[in-house]
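Coordinates in review
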Amino acid sequence: MAAIKAVHVSDVPHLDQVTENASIYTNRFNKGIDCVKATLTPPKFCVIGHRGSGMNMLYSSDNRMKAIKENSIISFNNAAKFPVDFVEFDVQVTKDDIPIIFHDDLIFNEENGTISEKRVTEITLAEFLSYGPQREPGNAGKSLVRKTKDGRIFNWKVENDDSLCTLQEAFQKVNSSLGFNIELKFDDYVIYKEEELVHALQAVLKVVFEYAKERPIIFSTFQPDAARLIRSLQNTYPVYFLTNGGNEIYSDVRRNNLDEAIKMCLENGLQGIVSEVKGIFRNQEAVPRIKDAHLSLLSYGQLNNVAEAVYMQYLMGVEGVIVDFVGEITEAVSDLIQVKKEEEKSGEAASVGEELGKLQVTNKRPNFTQLELTFLQKLISQLIQH
């Protein structure tokens, strides 16, 4: 799927009379996990940077997908320049029990025309850090290449490159006001013994408890047993269950749809769900069930790079989105609704700016006309098909 450019609601017709509160905002906070507490109504709509300032899609014609090395210190700190609340990144544990930040299960390099691969969890920290740019000036690392799902190989070249890093380094070197959405990464095609999962999770928790301090933390994972275990091993930080929302079918039924995700959360005391956005739009009736279960709901996916899709989710009750185009989407979200603090405190209706014409807000939830909702739903349906 080609990368989708962010677009503004000012380009969408018929959004001129909304008489209830449609406030979306993303002001940074320093303490707590207020925007993800599952038992309370979130006071704000969260924007989360995907792998920092966005994932790398090396085959894309969109240079934004190759601007900054994903899952790197540079990428995380670049995201912190924008009004995002968290950065999301993938954590795995090396052979010598060090939590590192890397998305893919396998790491590839090319030497003399030969591609070699190694499983990230089966190499030591020193070997992992030997790939790509090196911290010490003058040192050359192993060439880093990436393999796509369809088998194509691309040199991992980006405009702003950076060294691979550990979880500990992220805590030490990334803006302390930025929350971390730590995805606990496990291979979809490996059957893990419980003791293997516990061992890896304990290695992660050791670093988190030593270095997190006041930084907001969310744990998330696609691995159902890892979600269950990280919840049982600690009760300090919320745990969210990641799901494709029914877009793909797995042998583990707990992963196959939003209703299974709800059941998974309730049975194991999890605080919320992170669903692929298309799964939410295709199963909108599940959102009230998630709310009735007192669970929080976030989303991920390329459709979150479209401002209208993000706004539609807000109206549906989704509480946060994971995005690649951090700058564009935070700007678009900010432009959607502008409510002054004084007006919020007084509860009076407030104009949200010229771009949305006569759009008005109060301190209640938004209420679009049927015509406006129909338009947005048609727009989302068309985007889902691409």
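Just so we're clear, the structure is a prediction, and the values are computed from it rather than from any experiment. (Residues numbered from 1 in each chain as written. Predicted model: local features only at pLDDT ≥ 70, side-chain atom pairs only at ≥ 80, totals over all residues. Heavy atoms only, no water.)

Section: the packing of aromatic side chains
On inspection of all chains with the given rule, the structure shows twelve aromatic pairs. Ring plane angle 75 degrees and centroid distance 4.9 Å describe the contact between F89 and F180, whose orientation is recorded as edge-to-face. Of this pair, F89 sits in strand β2 (residues 86-93) while F180 sits in strand β9 (residues 179-184), and the two are 91 residues apart along the sequence. A relative accessible area of 0% means that F180 is categorised as buried. An angle of 80 degrees between the planes, with centres 6.1 Å apart, marks the rings of F219 and Y237 as edge-to-face. Of this pair, F219 sits in strand β10 (residues 217-221) while Y237 sits in the loop between α5 (224-233) and β11 (239-243), placing them 18 residues apart in sequence. No difference in accessibility class separates F219 from Y237, as the two residues are buried. (Phe/Tyr/Trp six-rings, centres within 6.5 Å; stacked < 30°, edge-to-face > 60°. Helix = DSSP H or I, 4+ residues; strand = E, 2+ residues; numbered from the N terminus. Buried < 20%, exposed > 50% of the residue type's maximum accessible area, 1.4 Å probe, protein only.)

Considerations on the environment of W156
Counting through the fold element by element, W156 comes out in the loop between β7 (153-155) and β8 (165-166). For the pair W156 and K69, spaced 87 residues apart in the sequence, the C-alpha separation amounts to 8.7 Å.

A few points about the environment of T124
Mapping T124 onto the fold places it in the loop between β5 (114-119) and α2 (125-129). Assessed through its relative accessible area of 31%, T124 is described here as partly exposed. The sequence separation of T124 and D96 amounts to 28 residues, and the corresponding C-alpha distance is 5.4 Å. Beyond its immediate chain neighbours, meaning those up to four positions away, T124 contacts T94, K95 and D96. (Contact = heavy atoms within 4.5 Å.)

Topic: the nonpolar core
I182 and F219 are the most contacted members of the largest nonpolar core, which totals 75 residues. With eight residues, the single largest contributor to this core is helix α4 (residues 194-211). Those residues in contact with F219 that sit more than four places away from it in its chain are N181, I182, L184, V204, L205, V208, I230, Q234, Y237, P238, V239 and Y240. Judged by nonpolar contacts, the second largest core, of 14 residues, contains I100, V120, L129 and L144. (Core = buried A, V, L, I, M, F, W, Y, C linked by side-chain atoms within 4.5 Å.)

Structural notes on unusual backbone geometry
Of note in the backbone geometry, N71 takes a positive phi value of approximately 55 degrees without being a glycine. Structurally, N71 is set in the loop between β1 (46-50) and α1 (73-79). Backbone geometry at K213 places phi at a positive 55 degrees, although glycine is not the residue there. Among the secondary structure elements, K213 is positioned in the loop between α4 and β10.

Some thoughts on the confidence of the model for the protein
Looking at the protein, pLDDT values average 83 and 76% of them are 70 or higher. Note on residues 1-42: pLDDT is under 50 here. Beyond four places in sequence and across chains, it has 145 contacts. When the criterion is pLDDT under 50, residues 339-344 qualifies, and its contacts beyond four places in sequence or with other chains add up to seven contacts. (pLDDT = per-residue confidence, 0-100.)

Some details on the pairing of β5
As paired elements, strand β4 (residues 106-111) and β5 share six bridges and run antiparallel to each other. Bridge assignment links F108 to a residue of β5, and that residue is E117. The antiparallel hairpin formed by β4 and β5 contains two residues in its connecting segment, where N112 sits at a positive phi of about 55 degrees. (Pairing = 2+ DSSP bridges.)

A closer look at the pairing of β11
Counting buried positions along β11 gives five out of five residues, so the element sits mostly inside the fold. Where β10 lies against β11, three bridges are found, and the strand directions are parallel. Bridge pairing in β11 links T221 to F241. A crossover links β10 with its parallel partner β11, the connecting element being α5, and its sense is right-handed. The sheet contact formed by β11 and strand β12 (residues 272-276) spans four bridges and is parallel. Its bridge partner being in β12, T243 is matched across the sheet by S275. (Right-handed = clockwise from strand over helix to strand, strands pointing away.)

Some remarks on helix α9 (residues 307-316)
Extensive coverage of α9 is indicated by the burial of ten of its ten residues. Once α9 finishes, G317 follows within two positions and takes phi at roughly 110 degrees, a positive value.

Let's talk about the pattern of salt bridges
All told, the structure shown has 21 salt bridges when counted by the stated rule. Between K173 and E169 there is a salt bridge, with its nearest N and O atoms 3.2 Å apart. Taken as a pair, K173 and E169 lie in helix α3 (residues 167-173) at a separation of four residues, close to a single helical turn. In this structure K173 comes out as partly exposed when scored by relative accessible area, which is 44%. Among the salt bridges present, the one from R254 reaches D225, with a minimum N-O distance of 3.2 Å. In this pair, R254 sits in the loop between β11 and α6 (258-268) while D225 sits in helix α5, placing the two residues 29 residues apart along the sequence. (Salt bridge = Lys/Arg side-chain N within 4 Å of Asp/Glu carboxyl O.)

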